[in-house]
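These are the residues of each chain, in order.
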Amino acid sequence: MSLTDISREFTETTLTEIVKKAGGTVHTSYKFGKTVKKGDSYLSKVFRLSVYGLNEDNGRTVEVHLIVKAMPQNMARRAVFRSADFFRNEINFYAHVIPAWEEFQKRRAPQRAFKEYPICYVSYCDGENDFIALEDVNVFGYSSPIRQECISLEECVLTMSTLGRFHGVSLAFSELEPEEFEKTCKYLEETYFAEKYRSWYKDFLETAFIVARDAIKQTYPATKCETIAGNFLQENLYDDLINLVSTRSKLSVVTHGDCWTPNFLTRCSPEGRVEAIIMIDFQLERFASLALDISFFMYSCVSQSLRDSHYETLLKTYHESVSKIISDLGADPEKALAWSELLKEMKDVGRFGCGMGIESLSISMLEDNKVKDLDEITVDTKLSDVWNIKPFKDARKRQRIANMFKHAVDLGYLK
């Protein structure tokens, strides 16, 4: 394997740039590590790369472990997944949003700044040779939960706390420096729900409807849940999702956009207790309601039993975390996000989690041997051919989808 396997723009000069950011002056060598598992990355090819260097001034050696995401070599795969759009969005997040956040936090001098994301060492974006080289946090003990399974209460609590801190930076930034915040958010673009992407998503959405309707019908037949969910799972859903992601309010923040389990890496203590979370994969970043992320996470990652017993607790964990970092940054947490405002926003926007859940749950519950080999994609392939989901035979999987709708109906998110 060589550097050109990443991108023709990833060169020896790139390695030196990486080493310099890590405190060295020149790179001396590099080596590739194990590749990622099939099904864990649709939009890009992913490399593990270790770069070694030297600071010639003091003789200190430098060692940098990276996850490098690059455009797939298969041009048809790039087209099916619109890789260029998603790469541009994540690269803009690291090139513009993160530096603005860091400068804002530096000016406000909080006791605990938000830093729960990998360092970006270098990136390149021209729509053809794009790549982004990020700190490999696996070397610090972070790993991804199993995507087919729900996560524990301990992980849910820490994830909601981390998500609160993530959103809290935006809320404080918006309150204290609104013009600078607005300028920063203009670098983000909608990559999923917009009129220009309707034809790209249409066939897959119709397939997801079939899977969801079957799950609900078999789990909650002839019930209020089936009726209301059936009304939701109609052709105009895409219009509703466009409206939800494009509506602006005082609760619009920089959202993650893809809040399913693999994008929250956890680190455990020697005793096995979850103690820290890192957020990764910011390719679906958007400027929109904070409730989009919350509802996505609640319906794609949290089990029904935990929602039934701890839903309000998880929302309160989020709100306490938001309030704490807002206050730490010098803004008024009650003015930025009152508890009553959060509950209303969830009621108004929470159905978004069901709209995303029919995709994320269906895909996350696919067994590894059912995931299509992405390099077999041809020019005639559509998104629905790759994400070729079908009604689940396993009652437990059907129930996960159906329970998402039942919870949303019970709380009035779907009417």
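For the structure itself, look to the data block above.
Residues numbered from 1 in each chain as written. Predicted model: local features only at pLDDT ≥ 70, side-chain atom pairs only at ≥ 80, totals over all residues. Heavy atoms only, no water.

1. Let's talk about the overall build of the chain
And step 1. From N to C terminus, the chain includes 15 helices and 10 strands.
And step 2. Seen through its C-alpha atoms, the chain measures out along the principal axes to roughly 75 × 55 × 45 Å.
And step 3. A buried classification covers 58% of the 415 residues belonging to the chain.
And step 4. Contacts in the chain between residues far apart in sequence, at least 24 positions, make up 78% of those at least 6 positions apart.
And step 5. If you sum the accessible surface of the chain, you get close to 17,800 Å²; carbon and sulfur atoms cover 49% of it.
And step 6. Counting 53 positive and 61 negative side-chain charges, the chain places the averaged centre of each group 3 Å from the other. (Helix = DSSP H or I, 4+ residues; strand = E, 2+ residues; numbered from the N terminus. Buried < 20%, exposed > 50% of the residue type's maximum accessible area, 1.4 Å probe, protein only. Contact = heavy atoms within 4.5 Å. Areas by Shrake-Rupley, 256 points an atom, 1.4 Å probe, with all protein chains shown as cover. Lys, Arg positive; Asp, Glu negative; His and termini not counted. Charge placed at Lys NZ, Arg CZ, Asp CG, Glu CD.)

2. Things to note about the environment of Leu 374
And step 1. By the secondary structure assignment, Leu 374 is in the loop between helix H13 (352–364) and helix H14 (383–386).
And step 2. By relative accessible area, Leu 374 is classed as buried at 7%.
And step 3. Residues Leu 374 and Ala 76, 298 residues apart in the sequence, show an inter-C-alpha distance of 9.5 Å.

3. Looking at the sheet that holds strand S1 (residues 26–32)
The pairing of strands in a sheet comes from backbone hydrogen bonds and takes either a parallel or an antiparallel form.
And step 1. Strand order in the open sheet made by the five strands is S1-S2-S3-S5-S4, with antiparallel pairing throughout. The strands lining the two open edges of the sheet, one partner per strand, are S1 and strand S4 (120–124). Across the sheet, the axes of successive neighbouring strands diverge by a mean angle of 25°, strand direction being ignored.
And step 2. Packed onto the sheet, helix H1 (residues 12–21) meets S1, strand S2 (45–54), strand S3 (61–70), S4 and strand S5 (131–135) and runs at close to 110° relative to S1.
And step 3. Across the sheet, helix H3 (residues 83–108) is in contact with S3, S4 and S5; its angle to S5 comes to roughly 45°. (Pairing = 2+ DSSP bridges. Axes fitted to C-alpha atoms, helices over the stretch in contact; angles between N-to-C directions.)

4. Considering the packing of helix H6 (residues 198–219) against helix H8 (residues 237–246)
And step 1. Their axes nearest at 11 Å, the elements H6 and H8 cross at an angle of 120°. Relative to H8, H6 is oriented oblique. Only Leu 237, Tyr 238, Asp 239 and Ile 242 of H8 make contact with H6, whose side of the interface consists of Arg 198, Tyr 201, Leu 205 and Phe 209. (Parallel < 35°, antiparallel > 145°, perpendicular 65-115°, else oblique.)

5. Details of H3
And step 1. Compared with an ideal rise of 1.5 Å per residue, which puts 26 residues at 38 Å, H3 spans 36 Å between its outermost C-alpha atoms and is within 8% of the ideal.
And step 2. For H3, the principal kink sits at Phe 93 and spans about 35°.
And step 3. Where H3 ends, the next residue or the one after it, Ala 109, has phi of about 50°, a positive value. (Expected span 1.5 Å × (residues − 1). Bend = angle between axes of the 7 residues up to and from the residue.)

6. Here's the deal with unusual backbone geometry
And step 1. Positive phi values are uncommon outside glycine, yet Arg 82 reaches one of about 50°.
And step 2. Tracing the sequence through the fold places Arg 82 in the loop between helix H2 (75–81) and H3.
And step 3. The phi torsion at Asp 281 lies on the positive side, around 60°, for a residue other than glycine.
And step 4. Structurally, Asp 281 is set in the loop between strand S9 (274–279) and strand S10 (286–289).
And step 5. Residue Asp 281 is classed as partly exposed on the basis of its relative accessible area of 23%.

7. Section: the pattern of salt bridges
Where charged atoms of side chains with opposite charge meet at close range, the side chains can pair.
And step 1. Across all of its chains, the model carries 22 salt bridges by this definition.
And step 2. With a closest N to O distance of 2.8 Å, Glu 189 and Arg 88 form a salt bridge. Placement of the pair is Glu 189 in the loop between helix H5 (178–185) and H6 and Arg 88 in helix H3, with a sequence separation of 101 residues.
And step 3. Among the salt bridges present, the one from Asp 239 reaches Arg 198, with a minimum N-O distance of 2.6 Å. Of this pair, Asp 239 sits in helix H8 while Arg 198 sits in helix H6; the two residues are 41 residues apart in sequence, bridging distant segments of the chain.
And step 4. On the basis of relative accessibility, which here comes to 37%, the residue Asp 239 falls in the partly exposed class.
And step 5. Owing to a relative accessible area of 21%, Arg 198 belongs among the partly exposed residues under this scheme. (Salt bridge = Lys/Arg side-chain N within 4 Å of Asp/Glu carboxyl O.)

8. What to know about H1
And step 1. Restricting attention to buried positions, one finds in H1 the residues Thr 14, Leu 15, Thr 16, Ile 18 and Val 19.
And step 2. Packing partners of the buried residues in H1 comprise S1, S2, S3, S4 and S5.
And step 3. If you check the start of H1, you find a side-chain oxygen 3.2 Å away from the backbone N of Thr 13, and it comes from Thr 11.
And step 4. Gly 23 sits one or two residues past H1 and shows a positive phi near 105°. (Polar contact = N/O pair within 3.5 Å; in protein donor to acceptor, adjacent residues only side chain to side chain.)

9. A look at the nonpolar core
And step 1. Counting 119 residues, the largest nonpolar core has Phe 81, Phe 193, Ile 294, Ile 358, Ile 401 and Phe 405 as its most contacted members.
And step 2. In this structure Phe 193 touches Tyr 201, Tyr 238, Leu 241, Ile 242, Val 245, Arg 286, Phe 352 and Met 356, once residues within four positions along its chain are discounted.
And step 3. Core analysis: the next-biggest nonpolar cluster, separate from the first, contains 19 residues, Ile 6, Phe 47, Val 68 and Val 122 among them. (Core = buried A, V, L, I, M, F, W, Y, C linked by side-chain atoms within 4.5 Å.)

10. Some words on the packing of H13 against helix H15 (residues 395–410)
And step 1. Packing of H13 against H15 brings their axes to within 10 Å, and their N-to-C directions diverge by 170°. Here H13 is positioned roughly antiparallel relative to H15, judged by the angle of their axes. In contact with Gly 353, Cys 354, Gly 357, Ile 358, Leu 361 and Ser 362 of H13, H15 contributes Arg 400, Ile 401, Met 404, Phe 405 and Ala 408.
And step 2. Of the residues belonging to the contact of H13 with H15, the class tally is seven nonpolar, three polar and one charged. (Nonpolar A, V, L, I, M, F, W, Y, C, P; charged D, E, K, R; others polar.)

11. Brief notes about the environment of Val 302
And step 1. Inspection of the secondary structure puts Val 302 in the loop between helix H9 (290–301) and helix H10 (304–328).
And step 2. For Val 302, a relative accessible area of 2% gives the class buried.
And step 3. Ignoring any residue separated from it by four or fewer positions in sequence, one finds Val 302 in contact with Cys 150, Cys 156, Phe 297, Arg 307 and Leu 314.

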